[in-house]
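One-letter residues, chain by chain:
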Amino acid sequence: MGGRFYQAYNLTSRNDGAQMAIISDDDEFKNICSEKCVEKSLDTKPEAIAYDKSFENNIRPKTFDSYIGQSGLKETLQISIEAAKRRELPLDHLLFYGPPGLGKTTLAGVISTQMDVPIKITSAPALERPRDIIGILMSLKGGEILFIDEIHRLNKVAEEILYPAMEDFFLDMTTGKGQSVKTLRIPVPKFTLIGATTKAGALSGPLRDRFGIIHRLEFYSTEELTQVVKRTASILELEITEKGAYAIARRSRGTPRIANRLVKRVSDYALVKHDGAITEEIANKALDILKIDDSGLDNTDRCLLRLIIEKYDGGPVGIETLAAALGEDVRTIEDVCEPYLMQAGFLQRTPRGRKVSPEALRYLGYKVDTAQKSLFGEE
Ligand code: ADP
């Protein structure tokens, strides 16, 4: 399978001396690795893929103190880490789920710093063949963290290999054929698996049950994102006012990755059109040009909502139909657009498909008449 397969182990020294390794089958990713940055393959909107990945790594928080928000989750993790350290045992396997860009990979890096152990980063699509997963498990050192992104995309065979490794730290292998088949149990060092997924529901039950700690990452508040924006601006040595930071945060759809991306775009605008400083006025002008509206919706989001309203009477309509009509990938809509539109109250998921809410109609300037009200179940 996959003659294109490429596996890169790129050990990169971090400030704290620990090492991160990258394993990927992606050519673009391979080039990035050679530039001495720590990254994983991204699977979001096209502009996100084109987004400067080394920039993202430079601003990734490395400690709990610099990791903004998610306070409940941080507290639980700090306790688990402290307990594991006192027992001198590896941390339980962890599963993080939530939309892309909320800080799952970053958190895995923070845990590795905090536990003072190295981390290997890979993603499920890079573990297609049995030998990919066996190879990586055999290469682990005691206590090391293995981070598997998009873990819901692991195939059945890889999952079966992972189960005994996660549970008993053994690999069950068979050699030979027919009557001479032998089963071998090969020990693997005790490690911590951190899985990340945008779709916890797509994970198989047995795999989910093998994680000791399961956490959902929440969208960030505007106040938290203001801190993210200010932190990024200070790393990039940009001049920004409190209101300028807030203006960017407000339109970042609860997501640090988007906030960081917007800081860069707004700073480009500030540099070219003004004196480089980011004020509220400059931020708003730049974001208007980028067609990001007050609620953080971009063109794709608005097109999606308008399509459902204008062509499908507000829904329900199937996701495949929407993806085909928009020329977008189903996964982009499911993973990137929908979670935020649902959280903002603009979109509803029903067993018969996607439906817009009366709020979406009002927001986009459509009249919510009596017929539509009854359509949406309003009295
Ligand atoms: P995910 O793995 O959930 O897709 P990442 O961990 O790759 O998201 O985070 C995307 C970017 O957002 C990172 O570059 C990081 O700098 C920033 N980021 C994420 N979470 C936080 C946070 N809690 N505080 C500050 N920055 C964050």
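Not measured: the values here are computed from a predicted model.

### Some points on the site of the ligand
Close contacts around the ligand come from 19 residues, with Glu56, Ile68, Gly101, Thr105 and Thr106 the closest. One of the side-chain nitrogen or oxygen atoms of threonine 105 is found 2.6 Å away from an oxygen atom of the ligand. Contact between the ligand and threonine 106: an oxygen atom at 2.5 Å from a side-chain N or O atom of the residue. Burial of the ligand by the protein amounts to 99% of the accessible area it has alone, namely 560 Å². Of all the secondary structure elements, the ones that give two or more residues to the shell around the ligand are α5 (104-115) and α11 (256-273).

### Describing helix α9 (residues 222-235)
Taking 1.5 Å as the rise per residue, α9 with 14 residues should run 20 Å; its terminal C-alpha atoms sit 20 Å apart, in good agreement. Immediately downstream of α9, the backbone of glutamate 237 shows phi near 55°, a positive value.

### Here's the deal with the packing of aromatic side chains
For any pair of aromatic rings, the description rests on two quantities: the centre-to-centre distance and the angle between the ring planes. Tallied over the full model, the rule gives three aromatic pairs. Ring centres 5.7 Å apart and planes at 85° place the aromatic pair phenylalanine 169 and phenylalanine 191 in the edge-to-face group. Taken together, the positions of phenylalanine 169 in the loop between α7 (156-168) and β6 (170-175) and phenylalanine 191 in the loop between β7 (182-187) and β8 (192-197) put the pair 22 residues apart, joining distant regions of the chain. Taking relative accessible area as the criterion, phenylalanine 169 reaches 17% and is therefore assigned buried. Over the ring of phenylalanine 170 we find arginine 185; its NZ or CZ atom is 4.7 Å from the centre of that ring. Above the face of the tyrosine 163 ring, arginine 210 is positioned so that its terminal group lies 4.0 Å from the ring centre.

### Concerning helix α14 (residues 319-326)
Among all positions of α14, only Ile319, Leu322 and Ala323 are buried. Here the buried residues of α14 occupy an arc of 100° about the axis, which is enough to place them on one side. Turned more than 90 degrees from where α14 packs its buried face, Glu320 and Ala324 sit exposed. Buried residues belonging to α14 abut α13 (299-311), α15 (330-343) and β11 (353-356).

### Details of the pattern of salt bridges
Taken as a whole and assessed by the stated rule, the structure comprises 23 salt bridges. Its salt-bridge partner being arginine 216, residue glutamate 218 comes within 3.4 Å of it at the nearest N-O pair. Assessed through its relative accessible area of 40%, glutamate 218 is described here as partly exposed. Ionic pairing is found between aspartate 301 and arginine 253, a salt bridge with its closest N-O pair at 2.4 Å. Of this pair, aspartate 301 sits in helix α13 while arginine 253 sits in the loop between α10 (242-250) and α11, placing them 48 residues apart in sequence. With relative accessibility at 0%, the residue aspartate 301 sits in the buried group.

### Looking at the pairing of β6
Pairing geometry for β6 and β7, over six bridges, is antiparallel. Looking at β7, one finds that phenylalanine 170 is bridged to proline 187.

### A short note on the side chain of glutamate 338
If you trace the backbone, glutamate 338 turns up in helix α15. Exposure remark for glutamate 338: the relative accessible area of 0% places this residue in the buried category. Once you skip the residues sitting within four places of it in the chain, glutamate 338 turns out to touch Ile319, Ile333, Leu347, Arg349 and Arg354.

### With respect to the pairing of strand β10 (residues 347-350)
Across four bridges, the pairing between β10 and β11 is antiparallel. The residue bridging leucine 347 from the neighbouring strand is valine 356, located in β11. In this antiparallel pair of consecutive strands, β10 and β11, the connection spans two residues.

### A short note on unusual backbone geometry
Cis geometry marks the peptide bond from glycine 315 to proline 316, where omega comes out at 5°. Backbone geometry places glutamate 88, a non-glycine residue, at a positive phi of 55°. Along the polypeptide, glutamate 88 turns up in the loop between α4 (71-87) and β3 (94-97). Glutamate 88 sits in the exposed class, given a relative accessible area of 72%. Non-glycine residue arginine 253 carries a positive phi angle of around 40°.

### Regarding the nonpolar core
If you look at the biggest cluster of nonpolar residues, it comprises 68 residues, and the most contacted ones within it are Phe96, Ile111 and Leu305. With seven residues, the top contributor of residues to this core is α11. Non-local contacts of leucine 305, meaning those with residues more than four positions away in its chain, are made with Leu297, Leu341, Phe346, Leu347, Val356, Ala360 and Leu364. The next biggest cluster of nonpolar side chains, apart from the first, holds 26 residues, and it includes Leu140, Ile151, Leu162 and Leu203.

### Thoughts on the packing of α9 against α10
It is at 8 Å that the axes of α9 and α10 come closest, and there the two elements cross at 120°. Seen along the crossing, α9 lies across α10 with a hand that is right-handed. Counted together, Thr222, Glu223, Leu225, Thr226, Val229 and Lys230 of α9 and Glu242, Ala245, Tyr246, Ile248, Ala249 and Arg250 of α10 form the full contact between these two elements. Residue composition of the contact of α9 with α10, grouped by class: six nonpolar, two polar and four charged.

### Overview of the environment of methionine 166
Within the fold, methionine 166 resides in helix α7. What makes methionine 166 buried here is its relative accessible area of 3%. Placed 25 residues apart in sequence, methionine 166 and phenylalanine 191 show a C-alpha to C-alpha distance of 8.0 Å. Excluding residues that lie within four positions of it along the chain, methionine 166 makes contacts with His93, Phe191, Leu193, Leu207, Arg210 and Phe211.

Cut-offs applied
- Residues numbered from 1 in each chain as written.
- Predicted model: local features only at pLDDT ≥ 70, side-chain atom pairs only at ≥ 80, totals over all residues.
- Heavy atoms only, no water.
- Near = heavy atom within 4 Å.
- Polar contact = N/O pair within 3.5 Å; in protein donor to acceptor, adjacent residues only side chain to side chain.
- Areas by Shrake-Rupley, 256 points an atom, 1.4 Å probe, with all protein chains shown as cover.
- Helix = DSSP H or I, 4+ residues; strand = E, 2+ residues; numbered from the N terminus.
- Expected span 1.5 Å × (residues − 1).
- Phe/Tyr/Trp six-rings, centres within 6.5 Å; stacked < 30°, edge-to-face > 60°.
- Buried < 20%, exposed > 50% of the residue type's maximum accessible area, 1.4 Å probe, protein only.
- Lys NZ or Arg CZ within 6 Å of the ring centre and 35° of its normal.
- Arc of directions from axis to C-beta.
- Contact = heavy atoms within 4.5 Å.
- Salt bridge = Lys/Arg side-chain N within 4 Å of Asp/Glu carboxyl O.
- Pairing = 2+ DSSP bridges.
- Core = buried A, V, L, I, M, F, W, Y, C linked by side-chain atoms within 4.5 Å.
- Axes fitted to C-alpha atoms, helices over the stretch in contact; angles between N-to-C directions.
- Left-handed = near helix turned anticlockwise from the far one by under 90°.
- Nonpolar A, V, L, I, M, F, W, Y, C, P; charged D, E, K, R; others polar.

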